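Close look at the chain arrangement
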Amino acid sequence: MTYFADLSSRQVAALADGSRTPVLLLPLGAIEPHGPHAPLGTDPLISRGMCERAAERLAADSEVHVLVLPEVPYGVTRFAAGFAGGVHIGEETLHSLLVDIGAALIGQRLSRILLVNNHFEPAHLVTLRRAVETLNFAYDGRVALLDLVRRRHAQRLTEEFRSGECHAGRYETSLVLADRPELVDQVVMRELPHVPVSLASAPADGGFRELGMTEAYCGSPAEATAEEGTETFSTLTDLLVEAIRELARE
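Report follows, based on the coordinates. A quick note: this is a predicted structure, and the numbers were derived from the prediction, not measured.

Turning our eyes to something else, we now look at the overall build of the chain. Scanning the chain from N- to C-terminus turns up ten helices and four strands. Its helices and strands taken in sequence order, the chain reads α-β-α-β-α-β-α-β-α-α-α-α-α-α from the N to the C terminus. Relative to the globule expectation of 18 Å for 250 residues, the C-alpha radius of gyration of the chain, 18 Å, shows essentially globular dimensions. Principal-axis analysis of the C-alpha atoms places the extent of the chain at approximately 55 × 35 × 30 Å. Taking all 250 residues of the chain together, the buried fraction comes to 52%. Considering only contacts in the chain between residues 6 or more positions apart, those separated by 24 or more positions represent 77%. By element, 50% of the accessible surface of the chain is carried by carbon and sulfur atoms, the whole surface being about 11200 Å². In the chain, the 22 positive side-chain charges and the 35 negative ones have mean positions that sit 7 Å from each other.

This brings us to the packing of aromatic side chains. In total, this model carries four aromatic pairs according to the counting rule given. An angle of 85 degrees between the planes, with centres 5.6 Å apart, marks the rings of Phe120 and Phe161 as edge-to-face. Of this pair, Phe120 sits in the loop between strand 3 (112-117) and helix 4 (122-138) while Phe161 sits in helix 6 (residues 159-163), and the two are 41 residues apart along the sequence. Assessed through its relative accessible area of 21%, Phe120 is described here as partly exposed. Overall, the relative accessible area of 6% leaves Phe161 in the buried class. An aromatic cluster of three or more residues is present, and its members are Phe79, Phe83 and Phe208. Directly above the ring of Phe83 sits Arg209, whose terminal nitrogen or CZ lies 4.0 Å from the centroid.

Taken together, the four strands give an open sheet; going across it, the order is 2-1-3-4, and neighbouring strands pair in parallel fashion. On the outer flanks of this sheet lie strand 2 (64-68) and strand 4 (142-146), each paired with one strand and no other. Direction aside, neighbouring strands of the sheet carry axes that sit 25 degrees apart on average. Relative to strand 2, strand 1 (residues 21-28) is paired through five bridges, and the arrangement is parallel. Looking at strand 2, one finds that Pro22 is bridged to His65.

What counts and how
Residues numbered from 1 in each chain as written. Predicted model: local features only at pLDDT ≥ 70, side-chain atom pairs only at ≥ 80, totals over all residues. Heavy atoms only, no water. Helix = DSSP H or I, 4+ residues; strand = E, 2+ residues; numbered from the N terminus. Rg over C-alpha atoms; globule rule 2.2 N^0.38 Å. Buried < 20%, exposed > 50% of the residue type's maximum accessible area, 1.4 Å probe, protein only. Contact = heavy atoms within 4.5 Å. Areas by Shrake-Rupley, 256 points an atom, 1.4 Å probe, with all protein chains shown as cover. Lys, Arg positive; Asp, Glu negative; His and termini not counted. Charge placed at Lys NZ, Arg CZ, Asp CG, Glu CD. Phe/Tyr/Trp six-rings, centres within 6.5 Å; stacked < 30°, edge-to-face > 60°. Lys NZ or Arg CZ within 6 Å of the ring centre and 35° of its normal. Pairing = 2+ DSSP bridges. Axes fitted to C-alpha atoms, helices over the stretch in contact; angles between N-to-C directions.

The analysis is restricted to geometry; functional conclusions fall outside its scope.
In structure tokens, the structure reads:
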């Protein structure tokens with residue numbers, strides 16, 4: 001089975017005593033505008049897609065037992081203020097939620113939890129890193145975050161991702177096209193001009209409008225393809241599988 005919530009209580013109780021090390025994946029993101037062409041749920045969609053692919057790749061593995069937890073789709077998204085569809089939650093709300101989820105699992109001897117995130121607003125990332133620290137030091141967990149913006153990970157992803165022009169641009173739109181193409185308005189997508197705004201250098205108190213992202217996207221969504229999305233998902237899955245194995249060894 002791939003999904004933690006599909007297990008019975010008895011099956012969950014047996015996980016910690018199984019021959020394989022259980023690693024639980026928690027997909028994260030934010031519900032926020034992704035241009036006039038892509039779905040609000042782009043970020044958690046990508047996180048979930050990564051988790052499903054990694055679990056499938058490791059389904060028959062003799063060492064690790066990978067399960068996907070129900071996603072947490074809400075995040076810190078002040079940058080999206082003023083656009084329809086954004087659902088922001090505060091840092092302390094997100095931190096408390098993640099710590100409560102993690103503590104509940106650690107208390108059942110399911111201490112290896114990997115946060116899989118695809119929403120890169122600075123305040124959101126800071127909160128995820130802090131939640132990992134809290135769970136590891138206060139609850140004796142073995143919790144980690146696959147932090148895609150770290151240089152060693154980002155250098156393996158696309159040029160647009162590395163540039164920071166990747167909110168609903170070619171990078172993210174390609175991933176949605178590979179997973180849920182019916183959610184992308186491809187007619188609108190092909191007409192969108194390049195928006196040269198890098199979120200990598202955005203101030204922490206910035207916003208899409210203030211940065212010049214008047215349609216809530218940057219980069220080049222018109223250049224997106226399902227083929228690029230499939231290739232990028234393969235790389236993302238490689239990164240996730242590596243992180244799973246590293247966490248299982250701890």
